[in-house]
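Geometric and topological summary
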Amino acid sequence: HYPLRRQRQMCIRDRLMPAVTIKGMVDVVIALKLVPVFVETDPDTFCFCMDDLQFKITSRTVAALVTPLFGLVPNVEAMTTILKEKELFVIVDFSQCLNGRYKAKLVCSYGDAAVYSSSSIKTLDTLGGGIVVTNSSVVNDKLKRFQTNLIEPGRVRLIGKAWTNLMRNLATQSFVFSCLTFYFIRILGLLKKDSALRMTGIRSREALEELPEVWFEKYTSIQAEIGLKEIFKVDAMDRKRVRLAEKIKSTLSNVRFPLTTSESNNVYWQLVVVVDDAIAMQGELALQGVDSATSSLELVATLEYASNGDEFPVATNLYNNGLILPCYPDMKEDEEKRLFAALRN
């Protein structure tokens, strides 16, 4: 039986991916009959730890998913160079890093293909759907053929998403948030601390028996119109958010923010700082009128159906204690002052 067992082992193909990302990425990898291999997080970029990345590449590795998180740009050039030298297929997930650049080159241009999820609360939100970019004519042709086989979308679902976005936007308007939403979150925090801590609540960690049909719906003309209208606003919003993030970082010298690199042009989709105790810190900030949360990304390296038992201390600490601070383009001056005062304390 030894030759047969060895042949089965040779058929196993690995895909490198971050220890912290959305759970759906793991479900897709498993659906494609690949084995997810998780890479430890770098504390200065929140992307791949370069040493662990090189260690995890084996003869079974066929692909890698590079994910710049929170609008932070790592040395994506070095990462993709290592991966391509090993002849791996490289996908860059720039869903949280639209317009992020390394050496003035968009991060989405470093992989064989790059994907963007234009879902709710993203920089470019088109009621779901997504974007794939590639410089490969072969990949482009395959994507076009795949696209023709997608199913017709459910209009009722799109209306539901639009309604959800409307309610979310209303709830986060300055006046409504300060008078109602903020206190609702505080009450929720008293009742369900873990759920209130996560930006969009706690999500299921169970394996999917099959990929949802909605993941294979066509992108509608309505979504395209929304995207074409909103995309022209992205640059201006980025500039405002980056200016605010840099102001916060320079003012609060006692707070350790991620460093990234001198060649990184970060867009700070979310301004994240790792603290000693996220629950305690969130409570202290709330008492001073400042809302904060941890990311709703999942610590996928510990999913029961995908984990191989390895430990990921940096990723675990980021997942548990990485706190998202207010850093949005239309932040008012009094909100800024309140944030600075709270963080100095």
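Here, the structure is the one placed above.
Summarised in this report is the structure supplied together with it.

Calculation rules
- Residues numbered from 1 in each chain as written.
- Predicted model: local features only at pLDDT ≥ 70, side-chain atom pairs only at ≥ 80, totals over all residues.
- Heavy atoms only, no water.
- Helix = DSSP H or I, 4+ residues; strand = E, 2+ residues; numbered from the N terminus.
- Buried < 20%, exposed > 50% of the residue type's maximum accessible area, 1.4 Å probe, protein only.
- Contact = heavy atoms within 4.5 Å.
- Areas by Shrake-Rupley, 256 points an atom, 1.4 Å probe, with all protein chains shown as cover.
- Right-handed = clockwise from strand over helix to strand, strands pointing away.
- Core = buried A, V, L, I, M, F, W, Y, C linked by side-chain atoms within 4.5 Å.
- Pairing = 2+ DSSP bridges.
- Axes fitted to C-alpha atoms, helices over the stretch in contact; angles between N-to-C directions.
- Salt bridge = Lys/Arg side-chain N within 4 Å of Asp/Glu carboxyl O.
- Disulfide = S-S within 2.5 Å.
- Arc of directions from axis to C-beta.

Right, let's get into the overall build of the protein. Across its full length, the protein carries 12 helices and 12 strands. Within the protein, buried positions represent 43% of all 345 residues. Long-range pairs, those at least 24 residues apart, make up 71% of the contacts in the protein between residues at least 6 apart in sequence. Per element, the accessible surface of the protein, about 19,100 Å² overall, is 56% carbon and sulfur.

To continue, consider the pairing of strand S2 (residues 35-39). Counting buried residues along S2, 4 of its 5 residues qualify, which places the element largely inside the surrounding structure. Once the chain exits strand S1 (residues 14-18) it traverses helix H2 (residues 23-31) before rejoining the sheet at S2, and the crossover so formed is right-handed.

Next up on the list: the nonpolar core. Phe38, Phe70, Ile248 and Phe257 are the most contacted members of the largest nonpolar core, which totals 47 residues. Residue assignment for this core shows that the elements contributing at least two residues are H2, helix H9 (221-251), strand S10 (271-274), helix H10 (278-287), helix H11 (313-321), strand S12 (322-325) and helix H12 (333-344). With 4 residues, the top contributor of residues to this core is H12. Core analysis: the second largest hydrophobic core is formed by 29 residues, Leu53, Val73, Val90 and Phe94 among them.

Read from one edge of the open sheet, 3 strands run S10-S12-S11, paired in antiparallel fashion. If you trace the sheet from one side to the other, it starts and ends with S10 and strand S11 (293-294), each paired once. Bridging between S10 and S12 involves 4 bridges; their strand directions are antiparallel. Among the inter-strand pairings, Val273 is bridged to a residue of S12, identified as Leu323. The strands that H10 touches are S11 and S12; relative to S12, the one it contacts most, it runs at about 25°.

Let us now look at the pattern of salt bridges. Tallied over the full model, the rule gives 11 salt bridges. Two residues, Asp238 and Arg241, come together in a salt bridge whose shortest N-O distance is 2.3 Å. Of the two residues, Asp238 and Arg241 are both situated in helix H9; the distance of 3 residues between them amounts to about one turn of the helix. Summarising the burial analysis for this pair, Asp238 and Arg241 share the class buried. Salt-bridge contacts for Lys337 lead to Glu333; the nearest nitrogen and oxygen are separated by 3.5 Å. In this pair, Lys337 and Glu333 are both assigned in helix H12, 4 residues apart and thus about one turn of the helix distant. Comparing Lys337 with Glu333 shows no difference in burial state: the two are exposed.

What follows deals with the state of the cysteines. Should the sulfur atoms of two cysteines be covalently bonded, the bond is a disulfide. Under the counting rule described, the total for this entry stands at 0 disulfides. Free of any disulfide, Cys108 has its nearest cysteine sulfur in Cys97, 9.4 Å distant. With a relative accessible area of 17%, Cys108 lands in the buried category.

Time to look at the sheet that holds strand S5 (residues 101-102). Within a sheet, each strand pairs with its neighbour through backbone hydrogen bonds, oriented either parallel or antiparallel. With antiparallel pairing, 3 strands are arranged side by side in an open sheet as S6-S5-S9. Looking at which strands have only one partner, the edges of the open sheet turn out to be strand S6 (105-106) and strand S9 (264-265).

Among the secondary structure elements, Leu323 is positioned in strand S12. Taking the C-alpha atoms as reference, Leu323 lies 8.4 Å from Met281; in sequence the two are 42 residues apart.

Of the residues making up H10, those classed as buried are Ala278, Gln282, Leu285 and Ala286. The buried side chains of H10 occupy one side of the element, clustering within an arc of 100° when seen end-on. Backbone geometry just after H10 places Gly289 at a positive phi near 80°.

The next thing to look at is H11. Among all positions of H11, only Ala315, Leu318, Tyr319 and Asn321 are buried. Looking at the packing, one finds that the buried side of H11 touches S10, H10, S11 and S12.

In this section: the environment of Gly130. Tracing the chain through its elements places Gly130 in strand S8 (residues 130-133). For the pair Gly130 and Ser95, spaced 35 residues apart in sequence, the C-alpha separation works out to 8.9 Å. The contacts of Gly130, once residues within four sequence positions are left out, are Tyr116, Ser117, Ser118 and Tyr219.

For the rest of this paragraph, the subject is unusual backbone geometry. Unusually for a residue other than glycine, Phe70 sits at a positive phi of about 65°. On the secondary structure map, Phe70 appears in the loop between strand S3 (61-66) and helix H4 (76-85). On the accessibility criterion, Phe70 (2% relative accessible area) is buried. A positive phi angle is found at Thr260, which is not glycine, with a value near 50°. As for its position among the elements, Thr260 is in the loop between H9 and S9. Thr260 gets classed as buried once you look at its relative accessible area, which sits at 14%.

The subject of this paragraph is the side chain of Lys56. Along the chain, the position of Lys56 falls in helix H3 (residues 50-56). Residue classification places Lys56 among the buried positions, given a relative accessible area of 12%. Those residues in contact with Lys56, other than ones at most four positions away along the chain, are Leu16, Val37, Phe38, Val39, Thr61, Asp310 and Phe312.

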